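Reading the structure
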Amino acid sequence: MSLLDGKMLSKKLKEELTQDVSHFIENHGRAPGLATILVGHDSASAVYIKNKRLSCEKTGITSYHQQFADDIDQQKLIDHINQLNNDPKVDGILLQLPLPIHLNTQKLLNTIDPCKDVDGFHPYNLGKLLKSETAFIPCTPLGILRLLQHYAIELSGKHCVILGRSNIVGKPLAMLLLNNNATVTVCHSKTDNIESYVQQADIVIAAVGKAKLVKEDWIKPGAVVIDVGINRQNDGSLCGDVDYEQTADKASWITPVPGGVGPLTIAMLLQNTVLAAKQQEKIKDRG
């Protein structure tokens, strides 16, 4: 078993991005800008936003943040997003999910300018991903791809089984892997005999949010195991969707939790923000 070290790769990518941002500032007289929006006081969401803003600061990206009460009116949030859409200092917009249930999440995501949709959740960008065209790709799937590429793990012709069909990870990841010539199976809560599918997988990606769901006898010897889940146990420690202790010796490669996919999600957000800034400057030059 060998570790897929997302923390190490994230550090490397952020160092490269820091240089890229420095060159961008020299050429354009400004830093790329990322606007974050937090609704309510969910502690986990607040931590995620804090980490994203700190990462922006370390790489030279300007971070703009606005927090709203959890009872904010839908239209007021739409108006704020539109202000950011029209702000030339803002290249990327991130609406932290999940949102309070009275808000229409998809309508709010659809309000974000596709050119500033650095989370890759707008239907325009998801549609381009479906057609294998250049687009902003959701950060966690993109981070998983970069991790596999960094460790030279072949995707073409391999059977990838994804556990989870969310719009944030499972569905866009399936498209991304298909675009890289993998054969993809997506399993979910209604899949019968889910372990039988996992047992056939060359690459397993678990993203269901259920602690230690995947057991040793689910894993084919030599399979690659990517664990997207982060679950807090009764003793306060974190674990993934895969039972790491049971499966580590059976897998050829495996991600730790924490330190696997999570750090790369933020790195890909920064990468998408810099890409958005470059695209905005090209539009200005053409104008």
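Below is a summary of the structure that appears in this document. No experiment lies behind these values; they were computed from the predicted model shown.

The helix and strand tally for the protein chain stands at ten helices and eleven strands. Computed over C-alpha atoms, the radius of gyration of the protein chain comes to 19 Å, within 12% of the 19 Å expected from 2.2 N^0.38 for 287 residues, which places it in the range of a compact globule. Over its C-alpha atoms, taken along the principal directions, the protein chain stretches across nearly 55 × 40 × 35 Å. Evaluated residue by residue, the protein chain yields a buried proportion of 49% over its 287 residues. Roughly 13700 Å² of accessible area belongs to the protein chain as shown, and the carbon and sulfur atoms make up 50% of that amount. Where the 30 positive side-chain charges of the protein chain centre and where its 31 negative ones centre are 3 Å apart.

So, on to the packing of helix α2 (residues 43-59) against helix α10 (residues 262-286). The interhelical angle for the contact between α2 and α10, taken along N-to-C directions, is 55°, at an axis separation of 10 Å. As far as their axial angle goes, α10 and α2 are oblique. Handedness of the α2/α10 crossing: right-handed. Along the contact surface, α2 presents N51, K52, S55, C56 and T59, while α10 presents I266, L269 and L270. Each residue belonging to the contact of α2 with α10 can be placed in one class, and the counts come to four nonpolar, three polar and one charged.

As a general point, the strands of a sheet are linked pairwise by backbone hydrogen bonds and lie either parallel or antiparallel. Strand order in the open sheet made by the three strands is β3-β2-β4, with parallel pairing throughout. Strand pairing shows two members of the sheet lacking a second neighbour, β3 (62-68) and β4 (92-95), which therefore form its edges. Geometrically, the sheet is characterised by an average inter-axis angle of 15° between neighbouring strands, direction not taken into account. Here seven bridges tie strand β2 (residues 33-39) to β3, and the two strands are oriented parallel to one another. Bridge pairing in β3 links V39 to F68. Contacts from helix α3 (residues 74-85) reach β2, β3 and β4, with the element oriented near 175° to β2.

Calculation rules
Residues numbered from 1 in each chain as written. Predicted model: local features only at pLDDT ≥ 70, side-chain atom pairs only at ≥ 80, totals over all residues. Heavy atoms only, no water. Helix = DSSP H or I, 4+ residues; strand = E, 2+ residues; numbered from the N terminus. Rg over C-alpha atoms; globule rule 2.2 N^0.38 Å. Buried < 20%, exposed > 50% of the residue type's maximum accessible area, 1.4 Å probe, protein only. Areas by Shrake-Rupley, 256 points an atom, 1.4 Å probe, with all protein chains shown as cover. Lys, Arg positive; Asp, Glu negative; His and termini not counted. Charge placed at Lys NZ, Arg CZ, Asp CG, Glu CD. Axes fitted to C-alpha atoms, helices over the stretch in contact; angles between N-to-C directions. Parallel < 35°, antiparallel > 145°, perpendicular 65-115°, else oblique. Left-handed = near helix turned anticlockwise from the far one by under 90°. Contact = heavy atoms within 4.5 Å. Nonpolar A, V, L, I, M, F, W, Y, C, P; charged D, E, K, R; others polar. Pairing = 2+ DSSP bridges.

By themselves these figures say nothing about function.
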